[in-house]
Amino acid sequence: MGDQTRPELYDLQQEKPPALVPRRRRVGVPGRIAHDGTEVDPLDEAAVREAVGSLVDEGAESIVVSMLFSHLNDDHERRVGDLVDEHADVPYALSSGVYPESREYDRTVTTVLNEAVKRNIADYLARLGDGIAARGIDVPLNVMHSGGGVFSPEQATRFALRTVLSGPAAGAVAARSVSDDLGYPNAIGLDMGGTSADVSIVEDGELVRSTEGEINDLPIKTPLIDINTVGAGGGSIAWLDSAGGLRVGPRSAGADPGPICYGRGGTEPTVTDANLVLGRLTADAFAAGEMEPVVDRTRERFAEVVADPLDVSIESAALDVLKVANAMMAREIRRVTVERGRDPTEFALLAFGGAGPMQAPAVARQMDIDTIVLPRNAGVLSARGLLIADVRADESQAYRGERLDADAMAAGYAELEATQRERFAEMGFDAAEVTLDRAADLRYVGQSYELTVPVPEALDDDALAESVEAFHAAHERLYGYAMPAESVEVVTLRVTGRVPTDPLDDRPERDGGEATRGERDVYFEETGYEPATVWWRPALSPGGTVDGPAIVEGTGSTALLPPGTTATVADDGSIIVEL
């Protein structure tokens, strides 16, 4: 039954998420912990020994232990772990150690996935570490995690599931850094690569975070940057559905064979092909000339697959492909802004990834966003995020009290902070180097969902009242109403530890060559073909301006400036576009 979630309420043919563990390998044993953490029935240790033996006989390579209310009292789980140690030569994982929070289905799924991923990551990181040492590279090995920080290989192995979405998280970290440097406290990160576009939010100078995600309709409970993904990338394939409607993605041509214009055997039109057809990309722009785009072949396939069936010109077909892709990204931005109480017009759009700067103006116009930021080295901005990410660790535990109590919460925070100091000590940091921040998940009594709000370090009744007020404000912004007269309860306590990473000295060095590279005809919806000045981005000087229509080419991405736009080069090499 899971948590009874139905992705499509009225779809009688929908399929459930895959069973992570076959039924024959899921075994129950007598014993029960109550909802308040007290023991109702003792653990039947003989049944545990029998269950462990049967699982080993079934060929289990690892055992996950997940019991009701173990987030409040883990005595039974820990005893099962001891018995596994005594009677079986296999590793095990306790749900109370991986995800010590409520909701047993989510806790079980998260622990099972963590244990499965852990086995692969442990082998990979071991080989990576050995390879680094064998080459005489004397630097520490760190691993990016979904919370927007780095941690050690040992902790990446122990909390393997926290590496999910770590690549997009690195891009979001870099986006926050750029927006902060340029003085934009509110920014929407649009990371458009080859297969998808990832949307993140910087609000009041901080990345918006979450404690839950989803993979294959399965819940994953881990601290992560709130990143939303849509299947629209440069390699997303354009196709017609059975009703003749134009679709884009989620299938992608990938890097090999890639879009048609790569000349590597691709046959299906993509977003990148559409930009080439419209003159926005040129045959010379692909990987510094390492590929030989087939322009004529691209136009032929666009005509065969899209234009002729729709009875439109090749240019109109290419423009329609881009409109569909841009609408998908705008819809995702609307979902994380308007639908969550944010006004997108108060944000700058920070576009990066190989394809982001090309599509950003159209997406911004759909969202009534006036300012676009195109970071320097936009095509590899996520790599920059890896280099500047702080060492970060997140710990949480279910609140064991029955009401708001500053003393009980302070005791819980003391436990979490002691755990954090141990984790950072394992990574070689002194306690004085670590900054600890407190937060709590609150909800109105009777609700089944929570909101995370900050909690002051000096915790007393007045400080607790501030957190409750912050919860009311967050609830009103997100859901449109608040109930200050209703009782509020604490569900989960959280502590984040951080050690800042030294700033990255990567000031741009201007290319001494010519900034302009002539003109070429570019197709725009309003005017058709129009001559656009082509600029070489590395040669642009800080303070310089570029007026649209223009194309700004670089080594990792190409940017489009439509007619009526003005761009200014910032001191850090970013390009600020005003629509």
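As the structure is a prediction and not an experimental result, all values here were calculated from the model. (Residues numbered from 1 in each chain as written. Predicted model: local features only at pLDDT ≥ 70, side-chain atom pairs only at ≥ 80, totals over all residues. Heavy atoms only, no water.)

**Regarding the environment of Phe-302**
Then step 1. In this structure, Phe-302 sits in helix H8 (residues 295-310).
Then step 2. You can call Phe-302 buried: its relative accessible area is 0%. (Helix = DSSP H or I, 4+ residues; strand = E, 2+ residues; numbered from the N terminus. Buried < 20%, exposed > 50% of the residue type's maximum accessible area, 1.4 Å probe, protein only.)

**Brief notes about the pairing of strand E15 (residues 236-240)**
Then step 1. The pairing of E15 with strand E16 (residues 246-252) spans four bridges and is antiparallel. In the sheet register, Ala-238 faces E16, and the bridge partner there is Val-248. (Pairing = 2+ DSSP bridges.)

**What about the packing of aromatic side chains?**
Then step 1. For the structure on display, the rule yields four aromatic pairs.
Then step 2. Ring centres 4.9 Å apart and planes at 65 degrees place the aromatic pair Tyr-444 and Phe-471 in the edge-to-face group. Of the two residues, Tyr-444 sits in strand E20 (residues 435-444) while Phe-471 sits in helix H13 (residues 461-479), which places them 27 residues apart along the sequence.
Then step 3. A cation sits over an aromatic face here: Arg-162 above Phe-159, 4.5 Å from the ring centre.
Then step 4. One cation-aromatic arrangement involves Arg-517 over Trp-536; the distance from NZ or CZ to the ring centre is 3.9 Å. (Phe/Tyr/Trp six-rings, centres within 6.5 Å; stacked < 30°, edge-to-face > 60°. Lys NZ or Arg CZ within 6 Å of the ring centre and 35° of its normal.)

**Observations concerning the nonpolar core**
Then step 1. Among the nonpolar cores identified, the biggest contains 58 residues, and Ile-188, Phe-302, Val-321, Met-329, Leu-349, Leu-374 and Leu-540 are the most heavily contacted of them.
Then step 2. With 12 residues, the single largest contributor to this core is helix H9 (residues 314-336). (Core = buried A, V, L, I, M, F, W, Y, C linked by side-chain atoms within 4.5 Å.)

**Observations concerning the side chain of Asp-191**
Then step 1. Mapped onto the secondary structure, Asp-191 falls in strand E7 (residues 187-192).
Then step 2. Although buried, Asp-191 forms no salt bridge, and the nearest oppositely charged side chain, Arg-537, lies 13 Å from it. (Lys, Arg positive; Asp, Glu negative; His and termini not counted. Salt bridge = Lys/Arg side-chain N within 4 Å of Asp/Glu carboxyl O.)

**Considerations on the sheet that holds strand E23 (residues 516-524)**
The strands making up a sheet associate through backbone hydrogen bonding, with each pair oriented either parallel or antiparallel.
Then step 1. Pairing is mixed in the open sheet, where four strands are placed in the order E23-E24-E26-E27. The strands lining the two open edges of the sheet, one partner per strand, are E23 and strand E27 (558-561). The average undirected angle you get between the axes of adjacent strands in this sheet is 30 degrees. (Axes fitted to C-alpha atoms, helices over the stretch in contact; angles between N-to-C directions.)

**Some words on the environment of Pro-17**
Then step 1. Inspection of the secondary structure puts Pro-17 in the segment before strand E1 (32-33).
Then step 2. With relative accessibility at 31%, the residue Pro-17 sits in the partly exposed group.
Then step 3. The spatial distance from the C-alpha of Pro-17 to the C-alpha of Gly-2 is 9.4 Å, given a sequence separation of 15 residues.
Then step 4. Residues in contact with Pro-17, not counting those within four places in the same chain, are Asn-216, Asp-217 and Leu-218. (Contact = heavy atoms within 4.5 Å.)

**So, the packing of helix H1 (residues 45-57) against helix H2 (residues 75-87)**
Then step 1. Two elements in contact, H1 and H2, have axes separated by 10 Å at closest approach and are oriented at 50 degrees. Relative to H2, the element H1 is oriented oblique. The hand of the H1/H2 crossing is right-handed. Taking contact as the criterion, the partners of Glu-45, Val-48, Arg-49 and Val-52 in H1 are, on H2, Arg-79, Val-80, Leu-83, Val-84 and His-87.
Then step 2. Residue composition of the contact of H1 with H2, grouped by class: five nonpolar, one polar and three charged. (Parallel < 35°, antiparallel > 145°, perpendicular 65-115°, else oblique. Left-handed = near helix turned anticlockwise from the far one by under 90°. Nonpolar A, V, L, I, M, F, W, Y, C, P; charged D, E, K, R; others polar.)

**Considerations on the confidence of the model for the protein chain**
Then step 1. A residue-level look at the protein chain finds 98% of positions with pLDDT of 70 or above and a mean pLDDT of 90.
Then step 2. The low-confidence segment residues 287-291, where pLDDT is below 50, has four contacts with residues more than four positions distant or belonging to other chains. (pLDDT = per-residue confidence, 0-100.)

**Remarks on unusual backbone geometry**
Then step 1. With omega at 0 degrees, the peptide bond leading from Gly-249 into Pro-250 counts as cis.
Then step 2. Relative to the assigned elements, Pro-250 resides in strand E16.
Then step 3. Each neighbour pair has its own omega, and for Gly-548 with Pro-549 the value is 5 degrees, a cis peptide bond.
Then step 4. Residue placement: Pro-549 occurs in the loop between strand E25 (545-547) and strand E26 (550-553).
Then step 5. A positive phi angle, close to 60 degrees, is found at Leu-165, a residue other than glycine.
Then step 6. Structurally, the position occupied by Leu-165 is in the loop between helix H5 (153-158) and helix H6 (166-182).
Then step 7. Judged by its relative accessible area of 38%, Leu-165 falls in the partly exposed class.

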